[in-house]
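Structural features, examined
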Amino acid sequence: MAQEQLVNELEKALLERAEKLAREYHDRARRARQHILEDAHERLHIREQNEVLAAQAEAERLFRRQIQARELKLKGELDKLRWQLIQSVLHDLPARLRDASKDQDSYLALLRKLMAQAANAIESTELVAEVNATDLEYLSARWEVFSSDITPGKQIELAQTPFDCSGGVLLRSKDNRIRIDNSFEGRIERFRGVLLQVITERLFAAEISQRGLFDD
């Protein structure tokens with residue numbers, strides 16, 4: 001339940017940020033389009049007064065091409081901003097997860113789950129867990145109790161050198177031949193494709209619906 005609440009809070013923050021940016025994008029697009037129309041209409045009016053019908057028709061064709069070119073340019077800029085937003089959200093995930101993990105009980109339960117998942121996937125019975133400096137300091141004096149019943153039949157040793165990550169665990173066989181990176185960063189990288197799709201759907205659901213586009 002605590003993990004579900006963390007996910008919901010993260011989704012809420014992402015949606016609020018996306019809605020704010022979406023409003024900015026739409027306002028910018030509306031102002032740019034209005035400026036284009038006003039400028040083009042003014043030029044067209046002058047030509048209507050000074051040119052014959054044939055020249056006027058050519059001016060109208062030029063106007064349409066300019067509108068299309070500006071709209072294509074604007075679309076490209078919006079696509080670039082959308083991608084930057086998606087990358088920003090992805091980049092901020094470890095920090096957001098770290099902040100959410102300040103609830104120690106929930107975080108320790110998650111850490112046990114990540115460790116058990118990795119341990120079950122490694123055939124070796126002698127394993128080594130690597131955690132970040134903060135977790136290492138906390139778990140060193142509590143390791144025997146913390147790890148005793150994570151995975152029956154397997155012995156997990158706590159590495160005394162901290163692993164550079166914001167949270168989670170890297171579990172490996174004692175001979176270091178098999179490694180499963182269940183740190184926050186490791187899982188984000190491993191499921192990057194899924195995360196990109198989920199973030200895109202959450203941030204731009206309205207646009208996706210209109211255009212028919214687009215946990216472990």
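Residues numbered from 1 in each chain as written. Predicted model: local features only at pLDDT ≥ 70, side-chain atom pairs only at ≥ 80, totals over all residues. Heavy atoms only, no water.

**Examining the sheet that holds strand E2 (residues 155-158)**
Strand-to-strand pairing in sheets goes through backbone hydrogen bonds, with the strands running parallel or antiparallel. Where we set the bar: DSSP calls a pair of strands paired once it identifies at least 2 bridges connecting them. Secondary structure elements follow DSSP: runs of H or I no shorter than four residues count as helices, runs of E no shorter than two count as strands, and numbering proceeds from the N terminus. Only the stretch in contact is used when a helix axis is fitted, and all axes are lines through C-alpha atoms; the angle between N-to-C directions ranges over 0 to 180 degrees. We call two residues in contact when some of their heavy atoms are within 4.5 Å.
Strand order in this open sheet of four strands is E2-E1-E3-E4, and the pairing throughout is mixed. Of all strands in the sheet, those bounded by a partner on one side alone are E2 and strand E4 (179-183). On average, each strand axis in the sheet is inclined to that of its neighbour by 25°, with strand direction left out of account. With four bridges connecting them, strand E1 (residues 126-130) and strand E3 (residues 168-173) associate as antiparallel partners. In the strand pairing of E3, Val 128 is matched with Arg 172. The strands touched by helix H3 (residues 104-121) within the sheet are E1, E2, E3 and E4, with E3 carrying the most contacts at an inclination of about 25°.

**Examining unusual backbone geometry**
Among all residues except glycine, the phi angle is most often negative; among peptide bonds, the trans geometry is most common. Its identity is not glycine, yet Asn 176 carries a phi of approximately 65°, on the positive side. Of note, Asn 176 is situated in the loop between E3 and E4.

**Concerning the confidence of the model for the chain**
Our working rule: The predictor reports its confidence for every residue as pLDDT, a score running from 0 up to 100.
Across the chain, the average pLDDT comes to 79, with 82% of residues at 70 or higher. Between residues 208-216, whose pLDDT stays under 50, and residues either more than four places distant or in other chains, the model counts eight contacts.

**Thoughts on the nonpolar core**
Heads up, the rule is: We call a set of buried residues a nonpolar core when its members are Ala, Val, Leu, Ile, Met, Phe, Trp, Tyr or Cys and they connect through side-chain atoms within 4.5 Å of each other. For the exposure calls, accessible area comes from a 1.4 Å probe over protein chains only, and a residue counts as buried if that area is under 20% of its type's maximum, exposed if over 50%, partly exposed in between.
Met 115, Trp 143, Phe 146, Ile 156 and Leu 171 are the most contacted members of the largest nonpolar core, which totals 24 residues. Looking at this core, the elements that each hand over two or more residues are H3, E1, helix H4 (133-139), helix H5 (143-147), E2 and E3. Top element by residues in this core is H3. It accounts for nine residues. When sequence neighbours within four positions are dropped, the list of residues in contact with Leu 171 reads Met 115, Ala 118, Ala 119, Ile 122, Leu 127, Val 128, Ala 129, Ile 156, Ile 178, Arg 179 and Ile 180. The next biggest cluster of nonpolar side chains, apart from the first, holds 10 residues, and it includes Leu 21, Leu 74, Leu 78 and Leu 85.

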